[in-house]
Amino acid sequence: MQVVITGANRGIGQALDQRYRARGADVTGTSRKGGEFVTLDVTDPASFSGLTRALDSRPVDLLVCNAGVYLDKGESLADGYPAQMWADTMAANVTGVFLTVQNLLANLQLAGAPKIAILSSIMASDERAPGGSYIYRASKAATLNLGRNLAADLRHIGIAVGIYHPGWVTTDMGGAAADIGVDESADGLVARFDALSLETTGCFLSYDGTPIAY
Ligand SMILES: NC(=O)c1ccc[n+]([C@@H]2O[C@H](COP(=O)([O-])OP(=O)(O)OC[C@H]3O[C@@H](n4cnc5c(N)ncnc54)[C@H](OP(=O)(O)O)[C@@H]3O)[C@@H](O)[C@H]2O)c1
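Predicted model, so just to flag it, every value in this text is computed and none were measured. (Residues numbered from 1 in each chain as written. Predicted model: local features only at pLDDT ≥ 70, side-chain atom pairs only at ≥ 80, totals over all residues. Heavy atoms only, no water.)

J.: In this structure, what is going on with the pattern of salt bridges? I would like to understand it.
T.: Think of it this way: side chains of opposite charge can pair up when their charged atoms draw near. Within this structure, the stated rule accounts for six salt bridges. A salt bridge links Arg23 to Asp194; its shortest N-O distance comes to 2.5 Å. On the criterion of sequence distance, the pair formed by Arg23 in the loop between helix 1 (11–22) and strand 2 (26–31) and Asp194 in helix 5 (residues 182–195) is long-range, its members being 171 residues apart. Taking the relative accessible area as the measure of exposure, Arg23 reaches 45% and is therefore partly exposed. On the accessibility criterion, Asp194 (38% relative accessible area) is partly exposed. Ionic pairing is found between Asp26 and Arg58, a salt bridge with its closest N-O pair at 3.9 Å. Here Arg58 lies in the loop between helix 2 (48–55) and strand 4 (62–65) and Asp26 lies in strand 2, a separation of 32 residues in the sequence. Taking the relative accessible area as the measure of exposure, Arg58 reaches 30% and is therefore partly exposed. Salt bridges sharing partners connect three or more residues here, namely Arg19, Asp183 and Asp187. (Salt bridge = Lys/Arg side-chain N within 4 Å of Asp/Glu carboxyl O. Helix = DSSP H or I, 4+ residues; strand = E, 2+ residues; numbered from the N terminus. Buried < 20%, exposed > 50% of the residue type's maximum accessible area, 1.4 Å probe, protein only.)

Next up, the structure:
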C-alpha cells in the first residue's frame, strides 16, 4: 500500500506517518524542510515536481492532505486579520489541497481502490459559528467545499474522497489545552480512512466517526 501524507514532519501528519509505517505501508511523507521527508511546499506549484519524481509513476492508494496553517489565532477584528494573512492561509489550506490532489491524480488512478483524505476542521461548519478566527474558519470551509466537489467529480473514476475533523488535538496548532492527544486522533483517523469507500465518498466526519453538520 502506497500512502502519501503532506506535512508529515510534526503533529497529526507525523502520527499518521508512523501508523502507516508500522502497518508496513510504503509511506511518502512530505515536509517543507525536506530532511527524511520529500521536500514539498504545497503553496508552490513548482515544488510538486520533487514529489512526482519520488513517486516515479507508482500507484497511490491513499493521499492524506494534512498540511495546513492556523495563522489568525487571537487576531483582533478592529485592526487584525491583514490581507496577507488571508492570502497565506488560503494558499496553504485551500490552493495547497487542490494542487496536491491535481498533481497526484495520475498516481491515484493507477491504484485499485484509491482514496483521498482531506483534513478540514469542525471550524468549517456554518452550523457551529461562534465568531473569531475568520480566516482559518473560511479557509477550512473552502477546504470542505473543495473536498465535496472533488468527491462528485472523482467518483466516476473510482476515487473516494473523505473530509475529516481530527478533533481538537494537542499539537503546535491545537495547543496544550486541546481535548485529545495525537495518538487518539491518528488512531481514529486511520479507522475512518480504512472505512472510506465510493459508498461514503463526500463524507465529513470527526476522527471518532461522528458526522459533522455543515
Ligand atoms: N490540531 C488541531 O486541533 C486541529 C483541529 C482541526 C483541524 N486540524 C487540521 O489538521 C491538520 C494538521 O494539524 P496539526 O495540528 O498537526 O498542525 P501542526 O502541528 O501545526 O502541523 C502542520 C503541518 O503542516 C505543514 N505545513 C504547513 N504549511 C505548509 C505548506 N505550505 N506546505 C507544506 N506543509 C505545510 C507543517 O510544516 P512545517 O513544519 O514546515 O510548518 C506541519 O508539518 C491541519 O490541516 C489542521 O488545520 C488540526
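Alright, that's what it looks like, and here's the rest.
J.: Whenever I open this one, the site of the ligand confuses me. Can you help?
T.: Around the ligand, the surrounding shell holds 29 residues, and the nearest of these are Asn9, Arg10, Arg32, Tyr136 and Thr171. Between the ligand and Gly7, the relevant distance is 3.3 Å, taken from an oxygen atom to a main-chain nitrogen or oxygen of the residue. With respect to the ligand, the backbone of Gly68 contributes an N or O atom lying 3.4 Å from an oxygen atom. In the complex, 96% of the free accessible area of the ligand, which totals 900 Å², lies under the protein chains. Elements with a contribution of two residues or more to the shell around the ligand: helix 1 and helix 4 (134–154). (Near = heavy atom within 4 Å. Polar contact = N/O pair within 3.5 Å; in protein donor to acceptor, adjacent residues only side chain to side chain. Areas by Shrake-Rupley, 256 points an atom, 1.4 Å probe, with all protein chains shown as cover.)

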